[in-house]
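A closer look at the structure
Single-letter residue listing:
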Amino acid sequence: MLLKRLKGWELPERAVTPESIFQNRRALLKGLAAGPMVLSAAALAGCSDEASAEADAAKLLASVEPDPSSHLYPVKRNPAYADGGPDRPITDSDLATSYNNFYEFGSHKNISRAAQALKIRPWTVTLDGEIAQPKTIDIDDLLDKMPLEERVYRLRCVEAWSMVVPWSGFPLSALVKLAEPLSSAKYIRMETFMDPENAKGQKQHWYPWPYIEGLSIEEAMNDLAFIATGIYGKPMPRQNGAPLRLAVPWKYGFKSTKSIVRFTFTSERPVSFWEELQESEYGFWANVNPEVPHARWSQASERPLGGDGKIPTLLYNGYAEQVAGLYKGMEGERLFT
Ligand code: MTE
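Residues numbered from 1 in each chain as written. Predicted model: local features only at pLDDT ≥ 70, side-chain atom pairs only at ≥ 80, totals over all residues. Heavy atoms only, no water.

**Overview of the overall build of the chain**
Put simply, the test is: Numbering goes from the N terminus for both helices and strands, where a helix is a DSSP run of H or I of at least four residues and a strand is a run of E of at least two. Think of it in three bands: residues with accessible area under 20% of the maximum for their type are buried, residues over 50% are exposed, and the middle band is partly exposed, with areas taken using a 1.4 Å probe on protein chains only. Contact between two residues is taken to exist if any of their heavy atoms lie within 4.5 Å; hydrogens are not considered.
The helix and strand tally for the chain stands at 9 helices and 12 strands. Burial analysis of the chain (337 residues in total) assigns 56% to the buried set. Long-range pairs, those at least 24 residues apart, make up 73% of the contacts in the chain between residues at least 6 apart in sequence.

See below:
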C-alpha cells in the first residue's frame with residue numbers, strides 16, 4: 001500500500017507555511033474585485049503570469065454554473081449557536097474557502113480552482129437501507145423541505161489547524177426523520193459522489209473511493225449534527241462540499257464529509273475512507289481530545305487559520321456538554337483517535 005503518498009493532509013500544521021496561506025489570500029483578494037466565483041478561482045497563487053492567470057479565471061468564470069439555490073440565503077442565525085465561543089472570532093471567508101481538504105480534487109490544500117469542475121446540478125440525494133421506503137430526492141426539493149438556519153461552529157482538523165465558520169443548513173435529525181429508519185438501523189453511512197472525469201483525484205486508485213463517512217444514529221440525532229448547505233450567508237462553494245456536507249464539530253474534520261449523494265441506514269458500522277486506509281491512525285469515532293495524540297503528532301493545541309499563534313484544544317472541541325453523554329458506557333471503545 002502506497003501509504004507514504006497518502007499523507008498530504010495528515011502533515012502536521014508546522015509543515016504548512018504561513019507564507020502559503022498568505023500567498024493564497026493575496027490571490028483571493030485580487031480575485032474578489034471581479035466577483036464571487038473568482039473567489040474560488042483565485043487559487044491561482046503561484047501562477048506568475050498575471051495576464052494568463054486572468055484569462056484563466058475569466059474562462060473558469062464563464063464555465064461555472066451559478067448555484068440555483070442562491071435566493072435561499074442568507075438564513076436566520078440560530079441564537080443557540082451564535083458564535084465560536086470566547087476568543088474564537090469567525091475565520092475570514094477567504095481563508096475558509098481557499099485552504100481546503102477535498103481529496104477528490106487533489107491531495108493538497110489548494111484545490112479550490114480544481115473543485116469548480118464539480119457539477120452541482122442535477123444533484124439527487126438517496127436515502128436507503130433499513131428505512132421505511134427508500135427514496136431519491138432532488139436537492140432543490142430537499143432544500144425547500146428542510147428548516148434552514150445558520151449556526152456558527154468551530155472546526156478542528158486532525159492536522160491541528162482550526163477555523164470558525166457560519167454554516168447554513170439544517171439539523172441532520174430532520175433528514176433522519178424524513179428517512180423513517182427501522183429500529184434495526186444503528187448507523188448512517190454517508191457517501192460522496194463519484195465522478196473521476198471531473199474530480200481527477202478519484203483517478204488515484206490507491207484511495208478507496210468514494211469517500212465514505214459514518215455516524216451512529218444517536219450521534220446523527222444529536223442537535224449539533226448538521227447538514228451544511230451554505231457558508232457565510234451564501235450557498236456552499238464547491239471546494240467546501242457543495243451542495244451539501246456534514247458538520248459535526250465535536251469530531252475531527254475528516255468526519256465532516258462533503259458533497260454527499262447517499263445516506264444509507266444500516267445495522268452494521270460502516271468503514272470510513274480514512275479508517276480503511278489507515279485504521280491504526282483513524283478510528284471510526286474520531287472525537288476531538290487534546291490528551292490523545294495522533295500516532296505522529298500531539299493534539300494538545302491547534303492553530304486557528306488567520307490567527308497568530310496556537311491555542312489549547314478542548315475535549316470534544318469544546319462541545320462536551322452537548323455530546324459527552326453519547327459515549328457513556330462506551331469507555332472501552334477507541335473514541336478519540
Ligand atoms: N470530504 C470529502 N468528500 N473528501 C475529503 O477529502 N476532507 C475532510 C472533510 N471532508 C474531505 C471531506 C477533511 S480532512 C477536512 S479537515 C474537512 O473536510 C475540510 O473541510 P473544508 O475544506 O471545508 O475546511
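**Description of the site of the ligand**
Heads up, the condition is: Proximity is defined per residue: any heavy atom of the residue falling within 4 Å of a molecule or strand makes that residue near it. What qualifies as a polar contact is a pair of N or O atoms within 3.5 Å, subject to a donor-acceptor requirement within protein and to the restriction that residues adjacent in sequence count only when both atoms come from side chains. The Shrake-Rupley method, run with a 1.4 Å probe, gives the accessible areas here. Residue values count only the displayed protein chains as cover. Each residue receives one of three labels: charged for Asp, Glu, Lys and Arg, nonpolar for Ala, Val, Leu, Ile, Met, Phe, Trp, Tyr, Cys and Pro, and polar for the others, Gly being one of them.
Around the ligand, the structure places 18 residues, and the nearest of them are Tyr103, Glu104, Arg245, Ser256 and Lys258. Side-chain polar atom of Asn240 to an oxygen atom of the ligand: 3.0 Å apart, as the coordinates give it. Here a nitrogen atom of the ligand and a backbone polar atom of Ser256 are 2.9 Å apart. Out of a free accessible area of 530 Å², the ligand has 100% covered by protein chains. Per-class residue counts for the shell around the ligand are 8 nonpolar, 7 polar and 3 charged.

**A short note on the pairing of strand β1 (residues 124–129)**
Put simply, the rule reads: Strand pairing follows a simple DSSP-based rule, namely that at least 2 bridges must link the two strands.
Here β1 runs beside strand β2 (residues 135–138); their pairing, made up of 4 bridges, is antiparallel. Across the sheet, the residue bridging to Thr126 is Thr136, located in β2. Hairpin geometry of β1 and β2 is characterised by an intervening segment of 5 residues between the two adjacent antiparallel strands.

**Remarks on the nonpolar core**
Soluble globular proteins tend to pack their nonpolar side chains together in the buried interior. Counted only if it meets this: Only buried Ala, Val, Leu, Ile, Met, Phe, Trp, Tyr and Cys residues count toward a nonpolar core, and they belong to the same one when joined by side-chain atoms within 4.5 Å.
Trp167, Leu172 and Phe263 are the most contacted members of the largest nonpolar core, which has 83 residues in total. Excluding anything up to four places from it in sequence, Trp167 contacts Glu149, Glu150, Arg151, Tyr153, Leu155, Phe226, Ala228, Gly230, Ile231, Met236, Arg245 and Ala247.

**Regarding the sheet that holds strand β5 (residues 187–192)**
Note the cut-off: All axes here are fitted lines through C-alpha atoms, helices being fitted over the stretch that makes contact, and every angle between N-to-C directions spans 0 to 180 degrees.
Here 5 strands make up an open sheet; going across it, the order is β2-β1-β10-β5-β6 and the pairing mixed. Only two strands of the sheet have a single neighbouring strand rather than two, namely β2 and β6 (212–216). Taken pair by pair, the neighbouring strands of this sheet meet at an average axis angle of 20°, ignoring direction. Direction of pairing for β1 relative to strand β10 (residues 260–266): parallel, over a ladder of 4 bridges.

**As for the side chain of Lys109**
In this structure, Lys109 sits in the loop between α4 (93–96) and β1. A polar atom in the side chain of Lys109 sits 3.0 Å from the side chain of Asn101.

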